[in-house]
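Coordinate inspection notes
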Amino acid sequence: MSLPILAALVSAVALIAPPDDPPRVYHGRRGDVAVAPPRVEAAITVDGALDEPVWRSAAVLTGFSQFAPKDGIPSADSTEVLVWYSPTAMHFGIRAYEPHGEVRATLSERDKIGADDYVQLLLGTFNDGRQATVFMVNPLGVQADGVLKESGQIANVSFMGSVQSRESADLRPDFVFQSKGRVTPWGYEVEVRIPFKSLRFQSAASQTWGLNITRRVQHSGYEDSWTPAQRANSSFLAQSGTLAGLTGMRRGLVLDLTPEVTDRADGEPGNDGRWAYRTSAPEVGANIRWGITNNLTLNSAVNPDFSQVEADAGQFSFDPRQALSFPEKRPFFLDGVEQFLSPNGLVYTRRMVQPIAAAKISGKLGATNIGFLSAVDDRVASTTRRDRPVFNILRVVRDLGAQGRAGVLYTDRVDGANSNRVLSFDTRLVRDRIYTAALQVAGSRTTRGGRTFSGPLWDLRLARNGRAFGVSTLLNGIDPDFRTESGFISRGGQVHALIAPRYTFFMPQGSRIESLTPNLAIDGLWFYDRFMKRGDARDKKLHFNLDANLRGGWNGTLALLVETFGYDPAYYGSLYRIAAPRPGGGVDTLPFTGTPRLPNRDYVIRVASPQFRWFSASGMYLWGQDENFYEWASADIIYFQLEVGLKPSERFRVSASYQMQEYDRKHGGGTVGLLRNPRLKLEYQATRALSARLIGEYFTESVLDLRDEGRTGYPLLRRSGAGWVPAAAYRDNSFRADWLVMYQPQPGTVFYVGYGARMTEPEPMKFRDLVRRDDAFFVKASYLFRR
C-alpha cells in the first residue's frame, strides 16, 4: 500500500473516531453542578456560530429545571450551555432549543430585552452565595447586564403586582463584553465572551466561582434554571453551581479613561417676546477607572457630566404626604453600586446634584465588602449658595456564616456651617435556608441654621420564604428629628408595622391555572411619639389579595382594600385654614382640623398578558371609596393604569402608557381632582449600536375650588407668602416632547444628540393652542480608552 493511500486512511479514521477527551457533560437535575471548564490558549471571533474546534472540548451544561411559576420539574424546553476559558476571558456558547413556540427576538437597545426570550448568566466571582455579576443576551446577542446583591427580602404579592419568585438584578450598571447570536430552525444560538478586565474577582491562584444560568421563555412565561433551584429558599444565588479549578487568569492592567464633552443650548422667551437661547462653553471632563487589585477598584471624575439623556417618567403620588424618589442613572455612581446598598435608603446618590469632582473606591477583600465615596457638589445644591456641599459615604459589610452579614454605614454632608451626619449598623441572619431576620439601628446628628438636633431610626424584619407558605413582617420607626441628607426617606416621624402572610397553591402541570396565591396584608402607621406612648395607629390597612398565574404566561390579581386613615395635623395644620363667614359680614380665619378618621373600601383588578410576538399589555383598575387628599374628606376614587408594548418589526418598538386618577366628592360638587398622564415612546434600532427615539408625555391636573368638604363646607385658604389666600381652582396642562439619536458601540463610548421642549395649553389634550415655555438642544460625546 502506498504512503499517500495509508495517510488518507489514517485521516479518515481520525475523522470518524471519537475524540480522546470527549467533553464533560454537567447535568443540573442530577446534581452534577461542580464544573471544571477547560482552559484553552485560544483566540476566537465572537460571531454567533459555535463552529471553532475549541467548542468541541468545552464543558457542556444541560439538564435545566423549571423555577417559575413552579419549581422542581424538568424544563419544557432543552438548553445547552458550553463553557471554557482562555487566559483573558470566560467563554459561553448557548444553544436554546425551541420546539413548542416561536422565538421572541428584537434588535433592541442595551438592557431593554425583557420582552424577548433571553438567557441570563450569573457569575458569583467571590463564590459567597450573596452577589453576582449578571450578563443577559437575547437570541440576537443583544445585551443586558447588571448586578445582583441579595437582601433576603422577597416581596409577597400586593395589588400592584404579582408574586415575586426571587430577587431581580439591578440592570443599571454596564460592563464591557462581547456577544452575538442568531435564530435557527431549532431555536437560537448565542456566543458570549466576558473579559476578565470587566470582572472583579478573588486574588487566589486557583479559584472557584459561583455559576447559575437561567432562561426566560416568553411564549410560555416560564423561567428555567440550570441548577434545580427551589423557591423554598431565602437565596437564589446560594443554590448556584460552581466553576472550579480556575487558574492562570490574566486580568492585566485595568485602566479605563473616558474623556467626555457636553454642550447644550437652553431656550426661553426673552423680555421682548422673542425666543432666545443661552449657551456657554462646552463642558469637558473625564472619568478614570483603575483596578487597584483584582477585587478593588478606584473611580474618579473631574468636572464630570452627570446629565441624563432621558427625562424621568411621570409618577402619580397616591399619598402627597410621601415624597417620591427616582432611580440613579448616571454611570459614575453605578459602577460598584452594590457595595453601597443600605436598608432604608440611607444612600441616595441623586442628592449629589452637580458634582464638580468625585472619587470612590469599592470592592471586596476576603469576606469584607468595602465602599467609600466622596464628592464636592456645585453651589447650586447648597442651602447657603455660598459654600459647596461636600459628601462622604463609607459602607463596610462583613459576611457572616453561609448567608448572614453585618454592616456599618457612615454618611455626612457638610455645607458651610450646616451639616448632617448618619451612623448606621445593620445585620442579617438566615436559619434553615427559609428563615431570615434583619435588624438596622441608625442615628443622625444635624446642624441647620445654628440649631443642632438628633434622632434615631430602627428597623426589624422577619420573614419565612417557604415554597407554599411565606410571611413577611416589618417594624420600622423613624424619629421626627432623624435626617439623612445623603439618603432618601419618603417621610419621617412615624412607625410602620406590617405582617403579610401568603400561601401558594401549585396546580398540576398543564392546568389552565398554574398557581394561585391568596395574600393578606395587615398594615399600620403611627405617629412616632404616639407609638412610643402606646397610642392608636393613625392609618390602618387590611388588604386581601388573590394572585393567579395562568397557562401561557398570563397573570392577574383581585384585591379588596379595607382601610381607615386618621387626620394628619403635621401635614394639614400648616397647609390650610378655613374661611368662615361671620354672621354680620366678613370672614374669620379658623384652623383646619379635618375629619378625624376616613373609612376606605377599594376594589382592584389587575391583568398582565404574556409577551406575544408583537404585542404585550398590562392594566390595573381601582375603584371605591378612598381619601380625598385635596380636602381631607371621603371621595369616590378611580385609578386606572394601562401599559401597551408593540413590536411591529425586529427594529421598531412602541411603548404607550396611560394613568388616570379621579376624585369625586361624596355629597355632590363634582370632580374635585383629576390627573391624567399619557406617555408615548417610539424607538428605532438601526443597528445594535445606533438608535433613535421620540418621547411625548402629557400631564394634566385640574382641581376645583377647595372647601372643608368633610365638616363645615366652608372655603379653604392656602398659605401664600406671609398670608392666606383662597385655595382656588387651577389647571396644569403641560406637554413635553423629546427626541434623541444615540450611538453606543460599548459602555463608555457614546454619542448623543437630542432636543427637549416643554409646552402648555389652556384646555387639556387639545393640542391646538400649545405654547412653548422652554426647550434645550444638547450633544454629548465620550470615548472609552481601555488598557
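As a starting point, this report considers the structure included with it.

Criteria and cut-off values
Residues numbered from 1 in each chain as written. Predicted model: local features only at pLDDT ≥ 70, side-chain atom pairs only at ≥ 80, totals over all residues. Heavy atoms only, no water. Helix = DSSP H or I, 4+ residues; strand = E, 2+ residues; numbered from the N terminus. Contact = heavy atoms within 4.5 Å. Polar contact = N/O pair within 3.5 Å; in protein donor to acceptor, adjacent residues only side chain to side chain. Core = buried A, V, L, I, M, F, W, Y, C linked by side-chain atoms within 4.5 Å. Buried < 20%, exposed > 50% of the residue type's maximum accessible area, 1.4 Å probe, protein only. Salt bridge = Lys/Arg side-chain N within 4 Å of Asp/Glu carboxyl O. Phe/Tyr/Trp six-rings, centres within 6.5 Å; stacked < 30°, edge-to-face > 60°. Lys NZ or Arg CZ within 6 Å of the ring centre and 35° of its normal. Pairing = 2+ DSSP bridges. 1 Å grid on protein atoms, 1.4 Å probe; cavity = no way out; pocket = protein on both sides within 12 Å on 5 of 7 lines; lining within 4 Å. Points joined across faces, edges and corners; volume = space filled by probe spheres on them. Nonpolar A, V, L, I, M, F, W, Y, C, P; charged D, E, K, R; others polar. Axes fitted to C-alpha atoms, helices over the stretch in contact; angles between N-to-C directions.

Time to look at the environment of arginine 216. Secondary-structure assignment places arginine 216 in strand 13 (residues 206–217). For the pair arginine 216 and proline 87, spaced 129 residues apart in the sequence, the C-alpha separation amounts to 31 Å. Those residues in contact with arginine 216, other than ones at most four positions away along the chain, are Asp117, Tyr118, Gly221, Tyr222 and Glu223. Of the polar contacts made by the side chain of arginine 216, one reaches the backbone oxygen of glycine 221; its length is 3.1 Å.

Ranked by size, the top nonpolar core spans 54 residues in total, and within it Leu61, Phe92 and Trp209 carry the most contacts. Ranked by size, the runner-up nonpolar core spans 25 residues in total, among them Leu561, Tyr572, Tyr576 and Leu716.

The next subject is the pattern of salt bridges. What the rule picks out here adds up to 49 salt bridges. The closest approach of N and O atoms between arginine 289 and aspartate 256, which form a salt bridge, is 3.2 Å. Here the residue arginine 289 occupies a position in strand 18 (residues 283–293), and aspartate 256 occupies one in strand 16 (residues 255–269), the gap between them amounting to 33 residues. One exposure class covers both arginine 289 and aspartate 256, and it is buried.

Next up on the list: the packing of aromatic side chains. Evaluated as defined, the whole model comprises 37 aromatic pairs. Note on phenylalanine 332 and phenylalanine 333: the rings are 5.3 Å apart at their centroids and 80° apart in plane angle, and the pair reads as edge-to-face. For phenylalanine 333, a relative accessible area of 3% puts it in the buried group. Both rings, one in tyrosine 572 and one in tryptophan 632, keep their centres 5.5 Å apart while their planes meet at 50°; by these two values the pair is tilted. In this pair, tyrosine 572 is assigned in helix 4 (residues 569–572) and tryptophan 632 in the loop between strand 36 (615–628) and strand 37 (633–646), connecting sequence segments 60 residues apart. With relative accessibility at 0%, the residue tyrosine 572 sits in the buried group. Residue class for tryptophan 632 comes out buried when judged on its relative accessible area of 0%. Clustering of aromatic rings is evident, with ring pairs tying together Tyr567, Tyr571, Tyr572, Tyr576, Phe592, Phe629 and Trp632. Its guanidinium or amino end placed over the ring of phenylalanine 527, arginine 538 lies 4.9 Å from that ring's centre, counting from NZ or CZ.

So, about the pairing of strand 43 (residues 730–746). Along a regular strand, successive side chains alternate from one face of the sheet to the other. Pairing analysis gives 14 bridges linking strand 40 (residues 690–703) to strand 43, with the strands arranged antiparallel. The partner of leucine 690 across the bridge, within strand 43, is tyrosine 743. Of the strand pairs in this sheet, strand 43 and strand 44 (residues 749–760) are connected by eleven bridges, and their pairing is antiparallel. Looking at strand 44, one finds that valine 741 is bridged to valine 753. Where strand 43 folds back onto strand 44 in an antiparallel hairpin, the turn is made up of two residues, including glycine 748, whose phi is positive at roughly 95°.

Bringing the layout of surface pockets into the picture now. Within this model, the second largest pocket holds a volume of roughly 370 Å³. Together, 20 residues line the second largest pocket, and Arg110, Gln143, Arg688, Gln744 and Pro745 are the ones closest to its centre. Of all the elements in the fold, those that place two or more residues in the lining of the second largest pocket are strand 11 (178–184) and strand 43. If you tally residues by element for the lining of the second largest pocket, the top one is strand 43, at four residues. A class-by-class count of the residues in the lining of the second largest pocket yields eight nonpolar, eight polar and four charged.

The next point concerns the sheet that holds strand 6 (residues 79–85). One open sheet holds the six strands; their spatial order is 1-3-6-7-12-11, and the pairing between them is mixed. In the strand order of this sheet, the two ends are held by strand 1 (25–27) and strand 11, each with one partner. With direction set aside, neighbouring strand axes in the sheet form an average angle of 15°. Two strands pair when backbone bridges link them, and strand 1 and strand 3 (residues 59–62) are joined in this way by three bridges, in the parallel orientation. Considered in strand 3, the bridge of tyrosine 26 is made with leucine 61.

Here tyrosine 277 lies in strand 17 (residues 275–279). A sequence separation of 85 residues divides tyrosine 277 from serine 362, and the C-alpha atoms of the two residues are 41 Å apart. Within polar-contact distance, the side chain of tyrosine 277 engages the side chain of aspartate 775 at 2.8 Å.

Here alanine 68 and proline 69 are connected by a cis peptide whose omega angle stands at 10°. With respect to the secondary-structure elements, proline 69 resides in the loop between strand 4 (65–68) and strand 5 (73–74). Within the chain, asparagine 344 stands out as a residue other than glycine whose phi angle is a positive 65°. With respect to the helices, strands and loops of the structure, asparagine 344 is situated in the loop between helix 2 (331–334) and strand 20 (355–365). In this structure, arginine 534 is a non-glycine residue whose phi angle is positive, near 60°. As for its position among the elements, arginine 534 is in the loop between helix 3 (528–532) and strand 31 (539–550).

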